[in-house]
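Spelled out, the chains give:
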Amino acid sequence: MSEQNQNPEKRKVVFSGIQPSGNITLGNYIGALRNFTRFDDADCLYCVVDLHTLTVRQNPADLRKRTASLAALYIACGLDPEENCIYCQSHVPAHAELAWILNCFTYMGELNRMTQFKDKSAKHADNINAGLFTYPVLMASDILLYQTDLVPVGVDQKQHVEICRDIAQRFNSIYGDVFTIPEPFISKSGAKIMSLQEPARKMSKSDPDETFIAVLDKPEDIRRKLKRAVTDSDGEIRYDPENKPGVSNLLTILSVLKNQSMDDTVAALQGLGYGALKEAVTEAVLAELTPIQTRYNEIIADKDYLSNVLKRNAEKAQYLAGKTLRKVYRKVGLLQL
Ligand code: ATP
Ligand code: LTN
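Keep in mind the model is a prediction, meaning the values are calculated, not measured.

Undergrad: Any details on the overall build of the protein chain? Residues and values, ideally.
TA: Each helix and strand in the protein chain was counted, giving 14 helices and five strands. A compact globule built from 337 residues would reach a C-alpha radius of gyration of about 20 Å, and the protein chain, at 21 Å, matches this within 12%. For the protein chain, the residues scored as buried account for 51% of the 337 residues in total. Put simply, 76% of the contacts in the protein chain that link residues at least 6 apart link residues at least 24 apart. Carbon and sulfur atoms form 51% of the exposed surface of the protein chain, whose accessible area is close to 16100 Å². For the protein chain, the centre of its 41 positive side-chain charges and the centre of its 42 negative side-chain charges are spaced 3 Å apart.

Structural data, given as structure tokens:
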């Protein structure tokens, strides 16, 4: 166990990241972002993981825009940048530096088992680059640099947090207690919101527009997408993800956003049809997203404010990350000046 884990007085450290690889979806919001605001007594770092997006070809101007947009969205979702360290991964060189070292402590066989690598290589068969393969090592570096205790993510990222733990344990077993071993924090419901058009698949920001709701979608787009969401033909409102994936996905969205149990959510809709279910989901989504959009528009309009926040927080992150990185350099035997 690391020093940090042995000290019950120490405030917990929470770290998470989202890629600025597209429009942030309702899946990202429910599975990850929404949970970021739940750690009152912890030191929280929320990173815009721009380096990770380079594993897939990006348009440079769009990437710059989406990076600033995601940072503004973090704040709009209720994360106070004075209390939470909100910054961009590429502004803190320690992430890439630790990734090199940890690459040398990660086996090809481990990386080969990663389901996200298999999915992404199938999706981008023309560009299966080394970065896509070593993606989990950069993610492990993100987490381990800050002696993180908890990593709030959707269920699809569980395997990546597990390989991060394995790498950290391997390193600690050779060099002593260098890294805190992190735990994933995955909420019980909403950890995997499904596509509106193919409810057997995860809602994903890199899929076609009609399959997801974006947090910044206009109300008319939200209404249209939910109206067209795939359901089934039996007409009964019941939670049964295996046999009724479309209806169950809508019920999950509704119950999470209303902070209501699934039983209560289903009971309130008894005797009603799918039209009423979609209407209820639309109202709940609009009620949640409208205030976020209003705050987002204010923040994104004030460029100086956002750059100041990102600059100050990058310095803070670099200070914290530097402590771990220096210890790692020393432990592995790199000459100190
Ligand atoms: P991409 O399509 O570019 O791979 P993505 O939409 O899958 O992106 P990520 O940036 O990989 O999103 O994920 C950001 C966070 O959102 C992660 O914690 C991830 O687990 C969570 N997340 C992503 N999609 C969903 C979903 N459909 N339901 C719940 N959580 C999700
Ligand atoms: N791999 C994650 C994004 C990510 C992340 C992280 C999440 C990169 N670094 C560190 C949590 C902690 C994804 O694809 N969703």
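Undergrad: Provide a residue-level description of the packing of aromatic side chains, including the pertinent values.
TA: Taken as a whole, this structure holds 10 aromatic pairs when the rule is applied. Both rings, one in Phe15 and one in Tyr146, keep their centres 5.5 Å apart while their planes meet at 10°; by these two values the pair is stacked. Remark: Tyr146 occurs in the loop between α8 (130-144) and β4 (150-152) and Phe15 occurs in strand β1 (residues 12-18); sequence separation between them is 131 residues. According to the relative accessible area criterion, Phe15 is buried, its value standing at 2%. Between the aromatic rings of Phe36 and Tyr46, the centroid separation amounts to 4.3 Å while the plane-to-plane angle is 10°, which identifies the pairing as stacked. Of the two residues, Phe36 sits in helix α2 (residues 26-36) while Tyr46 sits in strand β2 (residues 42-48), which places them 10 residues apart along the sequence. Both residues of the pair, Phe36 and Tyr46, count as buried. Each residue in the set Phe105, Phe171, Tyr175 and Phe179 is aromatic and connected to the rest through ring pairs, giving one cluster. Directly above the aromatic system of Phe212 lies the positively charged group of Lys225, at a separation of 5.1 Å from the ring centroid.

Undergrad: Run through the site of ligand 1, naming residues and quoting values.
TA: Taken together, 21 residues lie near ligand 1, and Lys120, Asp156, Lys202, Ser204 and Ser206 sit nearest. Note that an oxygen atom of ligand 1 is positioned 2.8 Å from one of the backbone N or O atoms of Gly154. The side chain of Ser206 places a nitrogen or oxygen atom 2.5 Å from an oxygen atom of ligand 1. Isolated, ligand 1 exposes 600 Å² of accessible area, and the fraction of that covered by the protein chains is 97%. It is α2 that contributes the most residues to the shell around ligand 1, four residues altogether. A breakdown of the residues in the shell around ligand 1 according to their chemical character gives six nonpolar, 10 polar and five charged.

Each value, and the rule that gives it
Counting restarts for each chain: residues are numbered from 1 in the order of the written sequence. Naming scheme: in the order in which they are written, chains are lettered from A and ligands are numbered from 1. Restriction of local features to residues with pLDDT of at least 70 applies here, the model being predicted, together with a cutoff of 80 or more for giving and counting side-chain atom pairs; totals for whole chains, interfaces and linings are based on all residues. Each side-chain value is derived from all of the structure's non-hydrogen atoms; neither hydrogens nor water enter the calculation. The secondary structure listing takes helices from DSSP runs of H or I that are at least 4 residues long and strands from runs of E that are at least 2 residues long, numbered from the N terminus. Radius of gyration: C-alpha atoms only; globule rule: 2.2 Å multiplied by the number of residues to the exponent 0.38. Using a 1.4 Å probe on the protein chains alone, a residue whose accessible area is under 20% of its type maximum counts as buried, one over 50% counts as exposed, and one in between counts as partly exposed. The contact rule is simple, with two residues in contact once any of their heavy atoms fall within 4.5 Å. Note that accessible areas follow from Shrake-Rupley with a 1.4 Å probe, and for residues the cover is restricted to the protein chains shown. In summary, the charge assignment counts Lys and Arg as positive and Asp and Glu as negative, without counting His or the chain termini. Where a charge lies is defined by one atom per residue type: Lys uses NZ, Arg uses CZ, Asp uses CG and Glu uses CD. Here the aromatic set is Phe, Tyr and Trp, taking the six-membered ring for Trp, and pairing holds for ring centres within 6.5 Å; pairs whose planes are under 30 degrees apart are stacked, those over 60 apart are edge-to-face, and all others are tilted. Whether a charge sits over a ring depends on NZ of Lys or CZ of Arg being within 6 Å of the ring centre and within 35 degrees of the ring normal. The near set for a molecule or strand comprises every residue that places at least one heavy atom within 4 Å of it. Pairing of N or O atoms within 3.5 Å defines a polar contact, subject to two protein rules: one partner must be a possible hydrogen donor and the other a possible acceptor, and residues neighboring in sequence count only if both atoms are side-chain atoms. Just so you know the grouping, Ala, Val, Leu, Ile, Met, Phe, Trp, Tyr, Cys and Pro go in nonpolar, Asp, Glu, Lys and Arg go in charged, and all remaining residues, Gly too, go in polar.

The quantities given are spatial measurements derived from coordinates; they are silent on function.
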